[in-house]
Amino acid sequence: MTDPKILLDKSDMERAISRIAHEIIENNKGVVDVCLIGIQRGGVHMARRLSDRIDLIEGQKVQVGTLDIAMYRDDLDIRDEQPRIRRTDVPFDINGKVVILVDDVFFTGRSIRAAMDALMDIGRPAVIQLAVLIDRGHRELPIRADYAGKNIPTSKNETIEVVFKEDAGKDEVILKRSEGEE
Amino acid sequence: MSSLGQKDLLGIRGMTREQISLVLETASGFKDVLKRDIKKVPALRGRTVFNLFFEPSTRTRTSFELAAKRLSTDVVNFSVPTSSVVKGESLLDTIATIESYGVDYIIIRHASSGVPHFIAQHSDASVLNAGDGINEHPTQALLDAFTIMEHKTQIEGLKIAIVGDILHSRVAKSNIYCLRELGAEVRLIAPPTFVPSHINEEGIDIHYDMDEGLKGADVIMMLRIQRERQGGGFLPSSDEYSRFWGLTRERLNMADPEAIVMHPGPMNRGIEIASEVADDERSVILEQVTNGVAVRMAVIYLLGRSKEKEQ
């Protein structure tokens, strides 16, 4: 590992989330029937923040759910360890709703594929949109984001880590390079 | 990332608190799945599970079968009375045959203690012990712990009374290992003929008087009288047993007012447990059945990879 590089600091993150919140409202002409579902774990923090931000702008609460995609991954067969199962908690009806899937880092698109399958087992949304904080490229599936906080071109042997103060006491996005890997 | 770090689940003995907690935590994720309209996830698509039961069992086999199906595996039930085992095939030949079908998990119940361990040594598949003789029944203990956690939030420090035929009960043995590893204070209540001679480990109280033993208990775990495993001479009569060791409402009142009553099933109503107690609101017997599927899904999921990375 070489020294990690800070790509976004606290206020960069706030600005990005704020802009996405505005875009969500604009795109959907308000937030009636809109709900946010965060993918465990980073997406959950981001979904809550988006909801708070939308509330500030629109004066309307948007419901937030959490989605664990471990059981829907396509690599369970090739991993050495099973991913930890975290909580899926969608305490509202998603049928006919505009569901905005929220994730922190958008990479190959495989997590989003898994998340859409998981969502379909819970209900039938009218529309699914995707909001991500960082789009780092390298898509392996034909999936794109409707809202992206920042596009950051990366190489495959780099890792992007989004740190939320809910977990680590501070907000930042870090780029790490792992040497001689993959 | 998480796994149990072992190929098989043969018993609770030797498992750490961390491993047990991982199973319980994972099970709560699967319990959420079971509450949905679509009670199935694609996690283990393409894997094959063999249910190999050498002893009659409806509920454990059904529970494992449902768990495996809800993880999207293919399940084959191999029932012994109709198989070639009765035609004289050896256990090893049976296993070799099953392996030729390309099986990933073997769920085994057998009347002899140690058979799952033997199979685990001779098979690449993950072996899950669904009850072996009088040895262990690990998934029952895990689902019991899960059920207790749902009611009591933590197991550490709880007073848990296990009542009945400890000697012949693999459920009791797995539970003793599991609950003690999680920090509970386990007491056994049984007639002297039903107490295994090797059990006087430190920290296990043995009571021959039921009223005494139930005092202040947070959890009462009743065991089934296992007539099929007794050679005779253990019990004068079931009437006498129920008079001294049956859980009646009066006896239940000796326990903590918030106590829960458990039973692994099938129950002998009127013998080890009074009908009114079985149907009492303190009874969590049907929750145990529901939780069994979630816990077995968790175990199968966590054993996960049966074959070390096929090339």
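The structure displayed is predicted, hence computed values, not measured ones.

To continue, consider the overall build of chain B. Looking only at helices and strands, one finds eleven helices and nine strands in chain B. In terms of overall dimensions, chain B is globule-like: its C-alpha atoms have a radius of gyration of 19 Å, near the 19 Å expected for 311 residues. Taken over the C-alpha atoms alone, chain B extends approximately 60 × 45 × 35 Å along its principal axes. Considering chain B as a whole, with its 311 residues, one finds that 58% of them fall into the buried category. Counted over contacts in chain B with a minimum sequence separation of 6, partners at least 24 positions apart contribute 75%. For chain B, the accessible surface area stands at approximately 12900 Å², while carbon and sulfur atoms represent 49% of it. Taken as two groups, the 35 positive and 42 negative side-chain charges of chain B have centres that lie 5 Å from each other.

Residue and element names in this part refer to chain B. The domain boundaries assigned to chain B delineate domain 1 (17-136 + 289-310) and domain 2 (138-284). Summarising the inter-unit geometry, the C-alpha centres of domain 1 and domain 2 are found 26 Å apart. Listed as interface residues are 25 residues of domain 1 and, on the opposing side, 26 residues of domain 2. Between domain 1 and domain 2, roughly 2100 Å² of surface is buried when both sides are summed, and carbon and sulfur atoms account for 60% of that area. The interface formed by domain 1 and domain 2 includes three salt bridges. Residue lysine 31 is joined to glutamate 150 by a salt bridge in which the shortest nitrogen-to-oxygen separation is 2.9 Å.

What follows concerns the environment of isoleucine 148 of chain B. Residue and element names in this part refer to chain B. Examined against the element boundaries, isoleucine 148 turns out to sit in helix α5 (residues 138-152). Judged by its relative accessible area of 0%, isoleucine 148 is buried. Filtering out sequence-adjacent residues up to four positions away, isoleucine 148 remains in contact with Thr153, Ile155, Leu158, Ile160, Leu179, Val219, Met221, Ile260 and Met262.

Moving on, we come to the nonpolar core. Ranked by size, the top nonpolar core spans 113 residues in total, and within it Phe30 and Ile148 of chain B carry the most contacts. At eleven residues, the largest contribution of residues to this core is made by helix α11 (residues 285-303) of chain B. Counting the residues that make up this core, at least three belong to each of domain 1 (17-136 + 289-310) and domain 2 (138-284) of chain B. Among all residues touching phenylalanine 30 of chain B, those that are not within four sequence positions of it are Met71 and Ile85 of chain A together with Val41, Leu71, Ala294, Met297, Ala298 and Tyr301 of chain B. Core analysis: the second largest hydrophobic core is formed by 30 residues, Ile17, Val102, Leu133 and Ile134 of chain A among them.

A few words now on helix α1 (residues 17-34) of chain B. Here α1 of chain B is 18 residues long and its end C-alpha atoms lie 26 Å apart, about the 26 Å a rise of 1.5 Å per residue gives. By the criterion of burial, α1 of chain B is predominantly enclosed, with 13 of the 18 residues buried.

What follows is about the environment of arginine 84 of chain A. Relative to the assigned elements, arginine 84 of chain A resides in the loop between β3 (63-67) and β4 (98-106). Separated by 2.4 Å, the side chains of arginine 84 of chain A and glutamate 25 of chain B make a polar contact.

Residues and elements named next belong to chain B. Relative orientation of the contacting elements α1 and α11 amounts to 120°, with a least axis distance of 8 Å. One way to sum up the angle between α1 and α11 is to call them oblique. Crossing angle aside, the handedness with which α1 passes α11 is right-handed. On the side of α1, the interface is formed by Leu22, Val23, Thr26, Ala27, Phe30, Lys31 and Leu34, while α11 contributes Thr290, Asn291, Val293, Ala294, Val295, Met297, Ala298, Val299, Tyr301 and Leu302. Of the residues assigned to the contact of α1 with α11, the class counts are 13 nonpolar, three polar and one charged.

Here we come to the pattern of salt bridges. Residues and elements named next belong to chain A. Overall, the coordinates contain 35 salt bridges over all chains when judged by the stated rule. Residues arginine 110 and aspartate 74 are paired through a salt bridge, measuring 2.8 Å at the closest nitrogen-oxygen approach. Remark: aspartate 74 occurs in the loop between β3 and β4 and arginine 110 occurs in helix α3 (residues 110-122); sequence separation between them is 36 residues. Residue arginine 110 is classed as partly exposed on the basis of its relative accessible area, which comes to 33%. In this structure, a network of salt bridges that share partners links the residues Arg49, Lys165, Glu166 and Asp171.

What counts as what
Residues numbered from 1 in each chain as written. Chains lettered and ligands numbered in written order. Predicted model: local features only at pLDDT ≥ 70, side-chain atom pairs only at ≥ 80, totals over all residues. Heavy atoms only, no water. Helix = DSSP H or I, 4+ residues; strand = E, 2+ residues; numbered from the N terminus. Rg over C-alpha atoms; globule rule 2.2 N^0.38 Å. Buried < 20%, exposed > 50% of the residue type's maximum accessible area, 1.4 Å probe, protein only. Contact = heavy atoms within 4.5 Å. Areas by Shrake-Rupley, 256 points an atom, 1.4 Å probe, with all protein chains shown as cover. Lys, Arg positive; Asp, Glu negative; His and termini not counted. Charge placed at Lys NZ, Arg CZ, Asp CG, Glu CD. Domains from an automatic or database assignment. Buried area = accessible area lost by both parts, 1.4 Å probe. Salt bridge = Lys/Arg side-chain N within 4 Å of Asp/Glu carboxyl O. Core = buried A, V, L, I, M, F, W, Y, C linked by side-chain atoms within 4.5 Å. Expected span 1.5 Å × (residues − 1). Polar contact = N/O pair within 3.5 Å; in protein donor to acceptor, adjacent residues only side chain to side chain. Axes fitted to C-alpha atoms, helices over the stretch in contact; angles between N-to-C directions. Parallel < 35°, antiparallel > 145°, perpendicular 65-115°, else oblique. Left-handed = near helix turned anticlockwise from the far one by under 90°. Nonpolar A, V, L, I, M, F, W, Y, C, P; charged D, E, K, R; others polar.

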